[in-house]
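Residue-level listing of the chains:
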Amino acid sequence: MSKSLLKQKHSKGFEVLDEYWARLDALEEAVEVFSDSALSFVEEPIERVLEKIRAYEPSVSVIGQVKAGKSTLLNALIGETSLLPTDVNPWTSVITALHLNSRHRPPGTRALFRFFDQHEWDRLVATGGRLGEMAARAGYEGEAEEVRSQVIRMRETTEARLGEEFETLIGSSHAYPDLNDDIINRYICYGDPSEVGEDVTEGVYADLTKTADLYLDVEGLPRGLCLRDTPGVNDTFMMREQITLNAISDSRVCVVVLSAHQALSTVDVAVLRIICAVEAREVLIFVNRIDELADPKSEEEKIRTSLRRTLARQGFDDEIEILFGSGYWANFALSDSEAMAPRSREALATLHPDKDLATVEAVREASLDSSGIVQLHLAIARRVVEGQGAAFLKDLEAEVETIIEMSEMVDNAVEVSDERLAGISLTKADMVQKVADTLQTVMEGFDEAADELRAQLFERLERAQETFADSAIDALQSHVAVFGETGSWDHDPMGLRMAMKGAYSSVCGKLRGEGETAFEKVVDQVEALLAEELGVVRKGDTIDFPEQPQHKPPTVLARTISLDLGGSWWSRIWDVAPTGKFLRARRSRRIESKYRELIEAETAPLIHELIDQCFDPAVATTREIVTTFALDQGRFCEALLERMMEDSSQAEEHSARIKELRRASA
Amino acid sequence: MIRKRSSRSAPSATLPRKPRVLVAGEFSTGKTFLINELAGDDVLPSNVTATALPSVWLVHGEPALMKVDARGQGLEIESLAEVDADETHYCILSHPSPILEHFHIIDTPGNSDPNMSAESWQRMLGFADLVVWCTNATQAWRQSEKAVWNAMPARLKLDALLVVTHADLLTDPRDAEKVRRRVEREAAPFFEEIRMASLLDRADIDGLSKVLSRVTSEMGEGTGSRNELVESFVASHAPAPGKKRSGPVLPLIWPRRAKGSAAHAATQDSEGGAIVPLRTPAQDCGTTAGAKVGPARAAWENASRGIDKTDPKALLNAVEALIAALDAPQAQPSGPRVGGSAGTSQNRAGREE
């Protein structure tokens, strides 16, 4: 099979995504056509819709432990087999976004690297970031000290290496018009400390780089998709893990990469928990590196069974899709490399007993088939299209529908008789005032309700914290009663997390309800205004309220990976002396109060973060959407009044355009 | 950790016991494979996914197997297939492999396995004299390993060996060198020795075997807790004197893994499966309520009164005070030895005398 055929086969899985874009393009075009002739009062909402379509870029994050093969897999996904640097040691140090065929590429730029600003850098080095703070709070000065010393070492080497350049770099960014290995290596990989010398530039800016954006225009790949590579979790350089975990909420679809050697360890389970706090159906598991197994086929079955069982035991959704494959195989198929690693080739042969793998072409074809990459493309595309893509389209269609409805109303208003016109005494200024009054009362009501919900949430979160502390201490006491003060002991923080997530979700649900109420009030009052003042009857039940966005998932709850790992900070408080034998009866009361303090210290920031960083922004978003909606309605009323006053003849042509748009958006 | 001198504990302790090498690491790092290679025989079943077996304590002798439950009751059984990891604390297995003449090997279930509690392997730490930590070359030395290693009892960190397994998966020698350099850089402070090993390479295995034999022979009497059940098991399954096995070891076949068969277990029970009570390390080491207070314990209670026992520094001071008290003129020459949680050079010296 020729190279170009292989390439075609490689990107076949992305076809679903192309169909989706075609649909979005048609909608965009229809809205553009409509906007040429649209009445001025809908200009703003139309512009908003167009901006939304143009800015839409679904993103997919690839996450996993160090050396699971994430960068290799990403290279395989985009078919650029050596774009991202890879190594046998942990290598990726920066979250790297690959923008495929993007419309938003900054002019003349293919690579953009942003550096930490002074504030971020200082916070990082002062405390070791959140991880260091957490360890210190939990009384693990050892760990806190280690994180701090790692960060201080990093700061020293970075500042020494960069010298005066450091000051100019901080807070700035570097852009390049072309992509090449040398440039990329300077920013996004660790570098090898054993290799020093003048000519070694690998990783020279890595520590200071906050994000990397690479723009690729590749034929055959879908448009407008962003794939993100992340530093591996479970790195001994603990800070990087925090960067990855904090970034998870930016992507709705996550591919969790496992290494076939050790599929699903406790660390992977912890990572899955964090991601599933976002939304379970958006997670894909890819078991990578199957080419390193001696007998991939039979071992794949064993791994699958064991994964399913473990996932079920750990309480995960059994619909999480599990794929198997090898980024190495896919890259071999698409690269110019002539020789596959012998072990890997033997493994490939076991998967293709009927094929003659004598020629390198045959090996390439077989390795693409067994790489699982086409299936992964398809699974990613489906999730993008069916999940966030479908929601996005629905949202757009609702907005277009509202624009159409308002335009039609205004169009029809032209046919009002002179007799009725005479009865209208409302001036435009009065109208504006009345609409403004409506908005104010509605927003006051909303703000009051939102404040109340905030208080409710706070109370429920505090209660959850208390209940958890009580149950943890009960469990501690019964452990002592049954086993004495020996053995390790831990208490699953899942209960706390579920309770807090439950409280947050329920209050967010109520917030949505308040949003709906506000919409209804706006519509009711506009209806009343139109009926009373203009004598126009509007059927309010045909109006689509704008979609309120999905509220930010409470990832903060899961971000504290230490809560999830057995043998970690929380559980070790009981494990102070390895066999616990120094802990006598009198000690347990002290341990208890120390434990309660620890739980409170650890969960109090969660409560605050949940409220400040999740709930408050959710209120602000809903508020903005209601306000925008009300302003649109106000402009609609004004336009209606204006139209009724003027004498127009373009109505017919305009209504034909409306019909066209309606067809496109359905 | 304060231990009674072994000569005072039990009459059976007149024979010096063999050193014990505990093999630990995350699951699927090739621990079991390594042990089989060291033993020169498929002594243990292994698997690519986590192995649902409890720890297995390998001793030298005629083939025999015993499972030990949570109460420390031992029961002789036919095969590891009868073992339920949830109910069995560990197994004792005797095998005629020559390497077991030098030291016992304790195989542990992998750490980081979400289906196995850490307790399942940590409970064996008290018995170990030496730890071999296995890490997979393809994902070598991660934070989860480092965290577990940091929590290890100090006495076990002294001579520990880090084995980077599956080195054969790094086909390019430069890659292997890079991994070796990084592991050395990051893990050197925690281990006495770090070795890369391809488990398929006889020379690597023999090299490891030599290191283990050397370290265990230089170790003197180990610091691990006594285990009378194991001692009596060893005594009753020792090869008959004069009938020392030579030539190739007979292959033993153990099932890969399966649920125990109830019928089988029942016959085994009625056919004289020995039930022997076991002293757990905790019982060995700790004070039990109402125990008679001897001079050493009294000295300890005196030395440790009112200190924060969760504070390693305070503990260390108390231990030193205890040693001083016991070394005082009236103290008997056979004062308690220290091999516990502190791990200072003094303790080490104490152990080597």
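One numbering rule holds for all chains: residues counted from 1, following each sequence as written. In the order they appear in the text, chains get letters beginning with A and ligands get numbers beginning with 1. Where totals are concerned, whole chains, interfaces and linings use all residues; where local detail is concerned, this predicted model gives features only for residues with pLDDT of at least 70, and gives and counts side-chain atom pairs only at 80 or more. Side-chain measures were taken over the full set of non-hydrogen atoms in the model, leaving aside hydrogen atoms and water.

Asks: Would you explain the overall build of chain A in this entry?
Replies: Helix numbering and strand numbering both begin at the N terminus, where a helix is a DSSP run of H or I of at least 4 residues and a strand a DSSP run of E of at least 2. Of the regular secondary structure elements, chain A holds 23 helices and nine strands. Buried, partly exposed and exposed residues are distinguished by accessible area as a fraction of the type maximum, computed with a 1.4 Å probe on protein chains only: under 20%, between the cut-offs, and over 50%, respectively. The buried share of chain A, taken over its 666 residues, is 55%. Pairs of residues are marked as contacts when any of their non-hydrogen atoms sit within 4.5 Å. Across chain A, every contact between residues at least 6 apart in sequence was considered, and the portion connecting residues at least 24 apart equals 84%.

Asks: Just checking my understanding: could you explain the packing of aromatic side chains for this structure?
Replies: For any pair of aromatic rings, the description consists of the separation of the ring centres together with the inter-plane angle of the planes. Only the six-membered ring of Trp is used, alongside the rings of Phe and Tyr, when aromatic pairs are assigned; centres must lie within 6.5 Å, and planes under 30 degrees apart are stacked while those over 60 apart are edge-to-face, with the rest tilted. A full pass over the atoms with the stated rule returns 19 aromatic pairs over all chains. Here Phe41 of chain A and Phe636 of chain A contribute two aromatic rings whose centre-to-centre distance is 6.1 Å and whose plane-to-plane angle is 40°, an arrangement assigned as tilted. Highlighted residues: Phe41 of chain A in the loop between α2 (15-37) and α3 (43-55) and Phe636 of chain A in helix α22 (residues 585-645), separated in sequence by 595 residues. Of the two residues, Phe41 of chain A and Phe636 of chain A, both sit in the buried class. These aromatic residues form a ring-pair network of at least three members: Trp121, Trp133, Trp141, Trp149, Phe190 and Phe191 of chain B. Two conditions define a charge located above a ring, namely a distance within 6 Å from the ring centre to NZ of Lys or CZ of Arg, and an angle within 35 degrees of the ring normal. A cation over a ring is seen here: Arg364 of chain A above Phe332 of chain A, with NZ or CZ 5.3 Å from the ring centre.

Asks: Teacher, can you tell me more about the sheet that holds strand β1 (residues 59-64) of chain A here?
Replies: Sheet strands associate in pairs through backbone hydrogen bonding, adopting either a parallel or an antiparallel arrangement. Residues and elements named next belong to chain A. The nine strands are arranged β4-β3-β5-β2-β6-β1-β7-β8-β9 in an open sheet whose pairing can be described as mixed. Of all the strands in the sheet, just β4 (173-176) and β9 (321-324) have a single pairing partner and so form its edges. For this sheet, the mean inter-axis angle between neighbouring strands, taken without regard to orientation, is 20°. At least two DSSP bridges between two strands are needed for those strands to be called paired. Angles shown run from 0 to 180 degrees and are taken between the N-to-C directions of axes, each axis being a line fitted to C-alpha atoms and, for helices, limited to the stretch in contact.

Asks: Help me out: how do you make sense of the confidence of the model for chain A in this one?
Replies: Note that predicted coordinates carrying low pLDDT should not be read in detail. Mean pLDDT over chain A stands at 82; residues scoring 70 or higher make up 81%. What pLDDT expresses is the predictor's confidence in each residue, scored from 0 to 100. Low pLDDT, under 50, characterises residues 485-489 of chain A; the stretch is placed with 30 contacts to residues that sit more than four places away or in other chains.

Asks: I'm lost on the pairing of strand β6 (residues 225-229) of chain A in this one. Help?
Replies: Within a regular strand, the side chains alternate between the two sheet faces. Among the five residues in β6 of chain A, five count as buried, and that is most of the element. Residues of β6 of chain A alternate between two faces, with Leu225, Leu227 and Asp229 of chain A on one and Cys226 and Arg228 of chain A on the opposite face, all of them buried.

Asks: What is the right way to look at the sheet that holds strand β3 (residues 55-60) of chain B in this model?
Replies: Residues and elements named next belong to chain B. Read across the open sheet, the nine strands follow the order β5-β4-β6-β3-β7-β2-β8-β9-β10; overall the sheet is mixed. With one partner strand each, in any of the chains shown, β5 (74-76) and β10 (193-196) form the two edges of the open sheet. Strand-to-strand twist across the sheet, computed as the mean angle between neighbouring axes with direction ignored, equals 20°. The pairing of strand β2 (residues 20-25) with strand β8 (residues 130-136) spans five bridges and is parallel. Bridge pairing links Gly25 to Cys134 in β8. The strands that helix α2 (residues 31-39) touches are β2, β3, β7 (104-107) and β8; relative to β2, the one it contacts most, it runs at about 145°.

Asks: Mind showing me how you'd approach unusual backbone geometry here?
Replies: Note: most residues except glycine have negative phi, and most peptide bonds are trans. Even without being a glycine, Lys67 of chain A presents a positive backbone phi close to 65°. A positive phi angle, near 55°, is found at His166 of chain B, a position not held by glycine. Mapped onto the elements of the fold, His166 of chain B is located in the loop between β9 (161-165) and α6 (173-187). Owing to a relative accessible area of 22%, His166 of chain B belongs among the partly exposed residues under this scheme.

Asks: Teacher, can you tell me more about the side chain of Ser97 of chain B here?
Replies: Residue and element names in this part refer to chain B. By the secondary structure assignment, Ser97 is in the loop between β6 (88-95) and β7. For Ser97, a relative accessible area of 1% corresponds to the buried category. In terms of polar contacts, Ser97 uses its side chain to reach the backbone carbonyl oxygen of Ala39, at 2.9 Å. Residues contacting Ser97, with those up to four places away along its chain left out, are Ala39 and His60. Polar contact is defined as a pair of N or O atoms within 3.5 Å, subject to the rule that within protein one atom must be able to donate a hydrogen and the other to accept it, and that residues adjacent in sequence are counted only when both atoms are side-chain atoms.

Asks: When you look at the environment of Phe332 of chain A in this model, what are you seeing that I'm missing?
Replies: All names here are of chain A. Tracing the backbone shows Phe332 in helix α13 (residues 327-334). Separated by 59 residues in sequence, Phe332 and Arg273 have C-alpha atoms that sit 33 Å apart. Every residue in contact with Phe332, bar those within four places of it in the chain, is listed here: Ser337, Glu338, Ala339, Met340, Val360, Val363, Arg364 and Ser367.

Asks: Is there a simple way to explain the pattern of salt bridges in this structure?
Replies: Side chains carrying opposite charge are able to pair once their charged atoms draw close together. A pair is scored as a salt bridge if a Lys or Arg side-chain nitrogen falls within 4 Å of a carboxyl oxygen belonging to Asp or Glu. Following the criterion strictly, the structure yields 51 salt bridges over all chains and no others. Salt-bridge contacts for Arg304 of chain A lead to Glu300 of chain A; the nearest nitrogen and oxygen are separated by 3.4 Å. Here Arg304 of chain A pairs with Glu300 of chain A, and both are found in helix α12 (residues 296-313), just four residues apart, close to one helical turn. Notably, a salt bridge pairs Glu145 of chain B with Arg142 of chain B, separated by 3.8 Å at the nearest N-O pair. Each member of the salt-bridge network shares a partner with another, and the members are Lys9, Lys355, Glu365 and Asp369 of chain A.

Asks: Please clarify how the environment of Ile188 of chain A should be interpreted in this entry.
Replies: Residue and element names in this part refer to chain A. By secondary structure assignment, the location of Ile188 is in helix α9 (residues 181-188). Between the C-alpha atoms of Ile188 and Val432, which are 244 residues apart in sequence, the distance is 54 Å. Not counting residues up to four positions away in its chain, the partners in contact with Ile188 are Leu84, Pro85, Trp91, Thr92, Ser93, Val94, Thr96, Phe113 and Ala212.

Asks: Explanation requested: the pairing of β9 of chain A in the structure shown.
Replies: Residue and element names in this part refer to chain A. Bridge analysis of strand β8 (residues 283-288) against β9 gives four bridges, and the strand direction is parallel. Each residue of the ladder has a partner; that of Leu284, found in β9, is Glu321. Assignment of crossover handedness uses the view with strands pointing away from the viewer, where a clockwise path from the first strand over the helix to the second indicates a right-handed crossover. For the segment spanning β8, α12 and β9, crossover handedness is right-handed.

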